[in-house]
Structure formats: C-alpha cells, structure tokens
Amino acid sequence: IYPFALPSILDRDICEDSHVALVSELAIDKQRLIDFLLTHVPSMPDENLVSASTLQNPCPWLPSIEQQAHQSNESFSEQQACLKQLIEAVTKYKSGSCAFLRHHVIIGPPGTGKSFLMFVTVAFALCQGLNCIITSLAAERSASLNGKHINALIPFPVEKSSTCESLAKVALSRLQRDPNRSRYLECLDVLFIEEVSMISGELWAAIDHVLQVICSN
C-alpha cells in the first residue's frame, strides 16, 4: 500500500509496460516451443503458419501419427486412442463449452512414445492459438525441451518435506508480490508436465491448488 496516491498517468504507464512485457514473454516462449517441435514432430505445419496462429485464426491442422516398423499393432492402437483423447481435450477447452477439464496423464514404460504424444499435442494446441508451456521438476529436462522449470513458473519453497498447504501458501504469497509472473500463469492455456512421476503428491496438489486460485477455476 503506497502512502500516497499514484498519478493515474503513471499507473497507466506501469500497466501498459507490464502488458507489453507479458506479451513479449509469451511470444518468446511460443517461438522457442515451435523451434523445438519442428525437429520432433515431422508432420507439423510450416513454422510461419504456426507462429501466426491465433484463437480467431487457427492453423487448420489435425495431427496423425504413423506406426513404427518395430511397433506392435496393440501399441499403435493405444497411441492413437491416447492422442485422440488429448486432441479432444484441447478442442473442448478451446470451444469454451466447459469451465473445467480434468488432468490427462500419459503413462507407460520407457520408449513407448509418451513424450512424442505430448509433443504432437503441444503442436496442435499451438496451432489452435493457445498459450502453452512445457515444464518439469528436472531443470535439465525443462531446458532440453525449450520449456521452463516448474519453480520458474510457480515459486515454491525449496524444502525436503512440506505439506500441500504450506507449499501453496508460500507460492501464492510470492505470486502476490510478483504480479507479472501471476499474470503469466493466468494467461497459460495448456501446461504440459514432463516426468510427472518425479513430482510428489504434495507438490502435485499444491500445483493444482495454486493454478485454481490464479485462474479462479
């Protein structure tokens, strides 16, 4: 609380500068994701088409996957079914037909294409004009995916043993003092978490709670 009234013109300038910074950060993160996905999703549309995609003018691309030479029919069918559910979830969210969507978790042994399905879904979401980010609890993995570490998104305390309540309380308090980061989270449409098995139940619940508060959902 300021001990004096901030002149309205200065207040407006601060808001405008904050908005410009937010738009710039979202655009940079989008381009970084596109750069990464172009080398991992062969069927992805042209870079310029994806970059220009907006909610009002999406890129008309429906992704599909091909069966690998060593892949069983059962494995391929499971991948197709999983991708179909993910695409339907993104489409349903964008349509605005519901206020809540459950988390979708891709599970399976190593080498079964979990990350690839995530990459394809991220590419589809970007083509729909949605704001997306990939995150992970592992800093190196986040960086390798051109994403952001989970603590760069949500400022949780670094403690070995914490409850969901304490984690969420500290994170929300820090976000209250950092409106730019809070606004960034509010503007995210799709959050993909890689290596979700590394995240404890307490941290997962705290992530969910913080995002519900930030997004008023």
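Quick notes on the rules
- Residues numbered from 1 in each chain as written.
- Predicted model: local features only at pLDDT ≥ 70, side-chain atom pairs only at ≥ 80, totals over all residues.
- Heavy atoms only, no water.
- Salt bridge = Lys/Arg side-chain N within 4 Å of Asp/Glu carboxyl O.
- Helix = DSSP H or I, 4+ residues; strand = E, 2+ residues; numbered from the N terminus.
- Buried < 20%, exposed > 50% of the residue type's maximum accessible area, 1.4 Å probe, protein only.
- Pairing = 2+ DSSP bridges.
- Right-handed = clockwise from strand over helix to strand, strands pointing away.

### A word on the pattern of salt bridges
Next up, step 1: Inspection of every chain in the model, using the stated rule, returns six salt bridges.
Next up, step 2: Between Glu 88 and Lys 84 there is a salt bridge; the shortest N-O distance is 2.6 Å. Of this pair, Glu 88 and Lys 84 are both found in helix α3 (residues 73-95), four residues apart, which corresponds to roughly one turn of the helix.
Next up, step 3: With a relative accessible area of 52%, Lys 84 lands in the exposed category.
Next up, step 4: Here Arg 141 ties to Glu 194 by a salt bridge, and the two come within 2.6 Å at their closest N and O atoms. Of this pair, Arg 141 sits in helix α5 (residues 139-144) while Glu 194 sits in strand β3 (residues 190-194); the two residues are 53 residues apart in sequence, bridging distant segments of the chain.
Next up, step 5: Shared partners join several salt bridges into a network, and the residues in it are Glu 25, Asp 29 and Lys 148.

### Observations regarding the pairing of strand β1 (residues 132-136)
Next up, step 1: For β1, a buried count of five out of five residues is recorded, marking the element as mostly surrounded by other parts of the structure.
Next up, step 2: The side-chain alternation of β1 yields two buried faces, one formed by Cys 132, Ile 134 and Ser 136 and the other by Ile 133 and Thr 135.
Next up, step 3: Pairing geometry for β1 and β3, over five bridges, is parallel. Pairing of Thr 135 across the sheet is with Ile 193, part of β3.
Next up, step 4: At this point the chain moves from β1, through α5, to the parallel strand β2 (residues 148-149), and the crossover so formed is right-handed.

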